[in-house]
Amino acid sequence: MKRHFAIVLIVLIQLINVHECEGQKAATANPIYSQLGEAYRTPAFSMKGYWVWCSSVVKGGDKKYHMFASRWPDSILFHPGWMVASEVVHAISDKPEGPYTFSDVALPARGAQYWDGRSTHNPRILRYKNKYILYYMGSTHPFEEPNKQDFNLASKWCIVGRSNKRVGVAIADSPYGPWKRFDRPVLETKPDTFYSFLTSNPSPIIEEDGSVLLMFKARSYVGNDKYSGMCFGMARAKSIYDKFEVLNNGQPVLGGPGQPEIEDPFFWKDKKGYHVVFKDHVAKYTGEKGAGVLANSKDAIHWTVADSPKAYSRTLRYNDGKTETMGQLERPFIYFENGKPAYFFFATMDGPGGFEYGTHSWNVVIPFKK
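Residues numbered from 1 in each chain as written. Predicted model: local features only at pLDDT ≥ 70, side-chain atom pairs only at ≥ 80, totals over all residues. Heavy atoms only, no water.

- The protein chain appears in an unreviewed UniProt entry as Glycosyl hydrolase family 43 from Flavobacterium gilvum.

Structural data, given as structure tokens:
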């Protein structure tokens, strides 16, 4: 009898979760969240022996789909392991939703003397004319490889690795490389600005004139050698080969002093203007920590959060009928077909929440409703 009661209770809880998830979508006018289908249970990309994160996809001239993602050994902590041991890898699939198969390491470690010599992370891939353009975050440090015993957020590796985060670009004629990397970042830090401490999480678009508009995450020094919360800036480069100039008179375009902390922007443009979805880091916009926020703009400088702001939830309904609240759901990326959203990619993790509790990470994909 007790066993029968327990089974019934589990089924009821699952049904309640499904109804709550569907009810949230039905009640929102958000054009992203209301159009999301069921997540594929099969990971879009995962690798045994590695933490996997940060997916970005482009269709190649070979008619295959090319994912660029981050990985680092799962023998060290997930967080802050990415700061000092991540590398951008390339995976391929015959279908945009995957699953993707590992092909090669696109941006490997290349030595402490380089600005991106120890870690490459946050890839965003673009195809423009006959070139593949890969924006990413890079970092370096002068120390030996980290060890399990001493490696944590307060360790020397993390302190130096975090403060050296910068945005860079690599360019190739093929998604298989070789990739031309540069000796300097394309978006440096600058004293006495909102990006004096670091620049990272690049989300670019290429405009009709070939210039590049970039939304990026930043932190600043705030006194006593502390750094600020996360906010977004906007920058422009004349071409894929040029460095960026920060816009908006050197002020953030979203977040900043006195505003909720945010991260992980995915930025795009369509006939209606500019749009971004980003992670509600502290649940100030959506009421759900880690959910996604939609904001819109006519000029990419002045942004308005949508009236129904929630663009996605950490609670996913899978195509096997189960509903789960993910430990983490980050790094949103929308793949477009014929100008319309087709697939929503995320980096995700198991566990109850908090990087320290996860045992496995992968990239998950959700189709948009047709």
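Regarding unusual backbone geometry
Link 1 in the chain: Looking along the chain, the bond that leaves His79 and enters Pro80 is cis, with omega of 20°.
Link 2 in the chain: Residue Pro178 is bonded to the preceding Gly177 through a cis peptide linkage, with omega at 0°.
Link 3 in the chain: Mapping Pro178 onto the fold places it in the loop between strand 7 (166-172) and strand 8 (198-206).
Link 4 in the chain: In this structure, Asn201 is a non-glycine residue whose phi angle is positive, near 45°.
Link 5 in the chain: Inspection of the secondary structure puts Asn201 in strand 8.
Link 6 in the chain: Note on Asn201: relative accessible area 3%, which makes it buried.
Link 7 in the chain: Positioned with a positive phi, Asp264 is a non-glycine residue whose angle comes to about 60°. (Helix = DSSP H or I, 4+ residues; strand = E, 2+ residues; numbered from the N terminus. Buried < 20%, exposed > 50% of the residue type's maximum accessible area, 1.4 Å probe, protein only.)

Quick word on the packing of aromatic side chains
Link 1 in the chain: A full pass over the atoms with the stated rule returns 27 aromatic pairs.
Link 2 in the chain: Measuring from centroid to centroid gives 5.6 Å for Phe68 and Trp179, while their planes differ by 85°, and the two rings are edge-to-face. One end of the pair, Phe68, is in strand 2 (residues 65-73); the other, Trp179, is in the loop between strand 7 and strand 8, and 111 residues separate them in sequence.
Link 3 in the chain: Looking at Phe68, the relative accessible area reads 0%, which means it is buried.
Link 4 in the chain: A centroid spacing of 5.3 Å and a plane angle of 75° characterise the contact between Phe266 and Phe333, whose relative ring orientation is edge-to-face. Taken as a pair, Phe266 in strand 14 (residues 263-270) and Phe333 in strand 20 (residues 328-337) lie far apart in primary sequence, 67 residues in all.
Link 5 in the chain: Taken together, Trp51, Trp53, Trp72, Phe78 and Phe355 form an aromatic cluster joined through their ring pairs.
Link 6 in the chain: Sitting over the ring of Tyr50, Arg71 keeps its end group 4.0 Å from the ring centre.
Link 7 in the chain: Positioned over the ring face of Trp157 is Lys156, at 5.1 Å from the centre of the ring. (Phe/Tyr/Trp six-rings, centres within 6.5 Å; stacked < 30°, edge-to-face > 60°. Lys NZ or Arg CZ within 6 Å of the ring centre and 35° of its normal.)

Topic: the side chain of Asp116
Link 1 in the chain: Examined against the element boundaries, Asp116 turns out to sit in the loop between strand 4 (101-107) and strand 5 (119-128).
Link 2 in the chain: At 2.8 Å, the side chain of Asp116 forms a polar contact with the side chain of Arg110. (Polar contact = N/O pair within 3.5 Å; in protein donor to acceptor, adjacent residues only side chain to side chain.)

Describing the pattern of salt bridges
Link 1 in the chain: In the structure shown here, the tally under the stated rule is 20 salt bridges.
Link 2 in the chain: Measuring nitrogen to oxygen at the nearest pair gives 3.5 Å for the salt bridge that ties Arg317 to Glu38. With Arg317 in strand 18 (residues 315-317) and Glu38 in the loop between helix 1 (2-27) and strand 1 (50-59), this pair connects stretches of sequence that are 279 residues apart.
Link 3 in the chain: Across the pair Glu263 and Lys217 runs a salt bridge whose closest N-O atoms are separated by 3.7 Å. Of this pair, Glu263 sits in strand 14 while Lys217 sits in strand 9 (residues 212-219), and the two are 46 residues apart along the sequence.
Link 4 in the chain: Among the residues examined, Glu263 registers a relative accessible area of 9% and is labelled buried. (Salt bridge = Lys/Arg side-chain N within 4 Å of Asp/Glu carboxyl O.)

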